[in-house]
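Each chain, written out:
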Amino acid sequence: MGLGAVSGLLLVSATILVLGALSWGEMVFAPAAFAVFIVMVVWPLQAFLERLMPRMLAMLITVIVTLVSVVALLTLFAWGMSVVGQWLIRNGARFQELYAMATAWLEGHGFPVAGQISETFNTAWMVRMVQAMLARLNGLAGFATLVFAFAVLGLLEVRPLARRLAAAKDSFGGIDMLAVGRETAAHFRTYMLVRSVASAVTGAVVWFFAYMVGLELPAAWGAIAFTLNYIPFLGPLVATLLPALFALVQFESFQVALLVLVSLTVVQFVIGSYLEPIITGSTLSISPFAVMFMVFLWSLLWGLTGAFIGVPILVAVLTISRRIPSMRWLNVLVADGKG
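Just so you know, these numbers come straight off a predicted model, no measurement behind them. (Residues numbered from 1 in each chain as written. Predicted model: local features only at pLDDT ≥ 70, side-chain atom pairs only at ≥ 80, totals over all residues. Heavy atoms only, no water.)

A. The arrangement of the overall build of the chain in detail. Scanning the chain for helices and strands turns up 14 helices and zero strands. Secondary structure of the chain in N-to-C order comes out as α-α-α-α-α-α-α-α-α-α-α-α-α-α. Across the 339 residues that make up the chain, the buried fraction comes to 39%. Pairs at least 24 residues apart make up 73% of the contacts formed inside the chain by residues separated by at least 6 positions. Carbon and sulfur atoms make up 74% of the accessible area of the chain, which amounts to about 18500 Å² in all. (Helix = DSSP H or I, 4+ residues; strand = E, 2+ residues; numbered from the N terminus. Buried < 20%, exposed > 50% of the residue type's maximum accessible area, 1.4 Å probe, protein only. Contact = heavy atoms within 4.5 Å. Areas by Shrake-Rupley, 256 points an atom, 1.4 Å probe, with all protein chains shown as cover.)

B. Spotlight on the packing of aromatic side chains. Tallied over the entire structure, the rule returns eleven aromatic pairs. Aromatic side chains Phe-34 and Phe-143 sit 5.5 Å apart centroid to centroid with 85 degrees between the ring planes, which places their arrangement in the edge-to-face category. Here Phe-34 is found in helix H2 (residues 26–50), whereas its partner Phe-143 is found in helix H7 (residues 140–167), with 109 residues between them in sequence. An angle of 25 degrees between the planes, with centres 5.6 Å apart, marks the rings of Phe-34 and Phe-308 as stacked. Taken together, the positions of Phe-34 in helix H2 and Phe-308 in helix H13 (residues 304–321) put the pair 274 residues apart, joining distant regions of the chain. An identical accessibility class is assigned to Phe-34 and Phe-308; each is buried. An aromatic cluster is defined as three or more aromatic residues linked by ring pairs; in this entry it consists of Phe-34, Phe-37, Phe-143, Phe-188 and Phe-308. (Phe/Tyr/Trp six-rings, centres within 6.5 Å; stacked < 30°, edge-to-face > 60°.)

C. How the structure looks around unusual backbone geometry. Residues other than glycine seldom take positive phi values, yet Leu-217 does so here, at roughly 60 degrees. In the Ramachandran plot, Phe-233 falls in the positive-phi region, its phi being about 65 degrees despite a non-glycine side chain. With respect to the element layout, Phe-233 can be found in the loop between helix H9 (218–228) and helix H10 (234–251). Residue Phe-233 is classed as partly exposed on the basis of its relative accessible area of 34%.

D. Representation of the pattern of salt bridges within the structure. According to the stated counting rule, one finds four salt bridges in the structure shown. A salt bridge links Arg-159 to Glu-50, with the nearest nitrogen and oxygen atoms 2.9 Å apart. Residue Arg-159 is found in helix H7, and its partner Glu-50 is found in helix H2; the two are separated by 109 residues along the sequence. Arg-159 gets classed as partly exposed once you look at its relative accessible area, which sits at 36%. Salt-bridge contacts for Glu-183 lead to Arg-322; the nearest nitrogen and oxygen are separated by 2.9 Å. With Glu-183 in helix H8 (residues 177–213) and Arg-322 in the loop between H13 and helix H14 (328–334), the pair connects residues that are 139 residues apart, well separated along the chain. Look at the salt bridges and you will find they share partners, linking Glu-183, Arg-322 and Arg-323 into a network. (Salt bridge = Lys/Arg side-chain N within 4 Å of Asp/Glu carboxyl O.)

E. View of the confidence of the model for the chain. Summarising the model, the chain shows a mean pLDDT of 81, and 78% of its residues fall at 70 or more. Across the chain, the element-wise mean pLDDT spans from 51 in helix H5 (residues 113–120) up to 93 in H9. (pLDDT = per-residue confidence, 0-100.)

F. Quick look at H13. A rise of 1.5 Å per residue sets the reference length of H13, with its 18 residues, at 26 Å; its end C-alpha atoms lie 27 Å apart and thus fit the reference within 8%. Considering bend angle alone, the principal kink of H13 is centred on Gly-310 and spans about 35 degrees; proline Pro-312 follows within four residues of it. Among the 18 residues that make up H13, 14 are buried, leaving the element largely enclosed by the rest of the structure. (Expected span 1.5 Å × (residues − 1). Bend = angle between axes of the 7 residues up to and from the residue.)

G. Representation of H2 within the structure. For H2, with 25 residues, the first-to-last C-alpha span of 33 Å sits near the 36 Å given by 1.5 Å per residue. At Val-42, H2 shows its maximal bend, which comes to roughly 50 degrees, and the proline Pro-44 appears one to four places after that position.

H. Molecular detail of the environment of Gly-303. Following the sequence through the fold, Gly-303 ends up in the loop between helix H12 (288–302) and H13. On the basis of relative accessible area, Gly-303 is assigned to the partly exposed category, the value being 24%. A C-alpha to C-alpha distance of 9.9 Å links Gly-303 and Ala-30, two positions 273 residues apart in sequence.

I. Focus on a nonpolar patch on the surface. Taken together, the side chains of Met-27, Val-28, Phe-29, Leu-146, Phe-150 and Leu-153 define a hydrophobic patch exposed on the protein surface, amounting to about 570 Å² of accessible area. For the nonpolar patch, the elements supplying multiple residues, two or more each, are H2 and H7. Examined against the element boundaries, Phe-150 turns out to sit in helix H7. (Patch = residues over 30% accessible without salt bridge, like charges linked within 9 Å, V, L, I, M, F, W, Y side chains within 5 Å.)

J. A look at the nonpolar core. Grouped together as the largest cluster of nonpolar side chains are 40 residues, with contacts concentrated most on Phe-37, Leu-155, Ile-286, Trp-298 and Trp-302. Contributions of two or more residues to this core are made by H2, helix H3 (55–90), H7, H8, H12, H13 and H14. At nine residues, the largest contribution of residues to this core is made by H2. Leu-88, Val-206, Phe-209 and Leu-264 belong to the second-largest nonpolar core, a separate cluster that totals 23 residues. (Core = buried A, V, L, I, M, F, W, Y, C linked by side-chain atoms within 4.5 Å.)

K. Looking closely at the side chain of Ser-321. Within the secondary structure layout, Ser-321 lies in helix H13. Setting aside residues no more than four positions away along its own chain, Ser-321 makes contact with Met-327, Arg-328, Leu-330 and Asn-331.

Here you go:
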């Protein structure tokens, strides 16, 4: 076995071990990763306020603004899902009836497995699914508390850490870690700007479309689309499939449901393929395959929180690898083909 093969095997083994450790230590590593992300995003506000008032007061205002923003986002999602859940309870019988019709059609065309599935399908199952999503959201309270505890400590450490990194710049193999941190933070802020603008546009378009086609709960669909768009790939997928499913029940028409599905898919495609690149330029030119892979990988490791933080982690890794000649192949590998 050659030296290159041995090095590759060691790299794969080390990667598997690191990912296993991150999954095992999710309760600590996931909040810490979120806290670092938050600190890098909100630090400009903290630095600006420090020029106007004492440091601790500036940090308190920064934490409050961040906390209010996150709580408002989660509350909006919870409201949208609760409204949809209430509609589901009121119209559960219609779901059951349509599903039974679909089951009969499939069985008539040689798909007997549909009958087995229908035995476990009922309105209560769908209600439990929505309730489980809301319960998962409520379970984020403890996670959020730990995240903000780490974030407060992180905000206190930014300036001392910057001084230590500046003093020890020769200790990192010639890599200016202070510059890496600043560049990563700038990329994180660009990423959040892109997600926020895209989410706002998506939510507004989904609300308008739902209102125009007569789909019930247009405000709830807009709120769900807005909040879920912060999770790449998985969020837009759910925000597209749910309204199409409910359109099928409301209108009892596969044609209308297909219209909703295709229209919302086009909306997501246009925003993701044209609007977001206009905002980011070449700053975050990552291939869609790499984005999808990171979303699924980190959702496997850390669940819903990992689905959100996966792409920022990739952005941080690419920022570091760009400054290491032996790792620049990674940037070439995951770069967007449009760049």
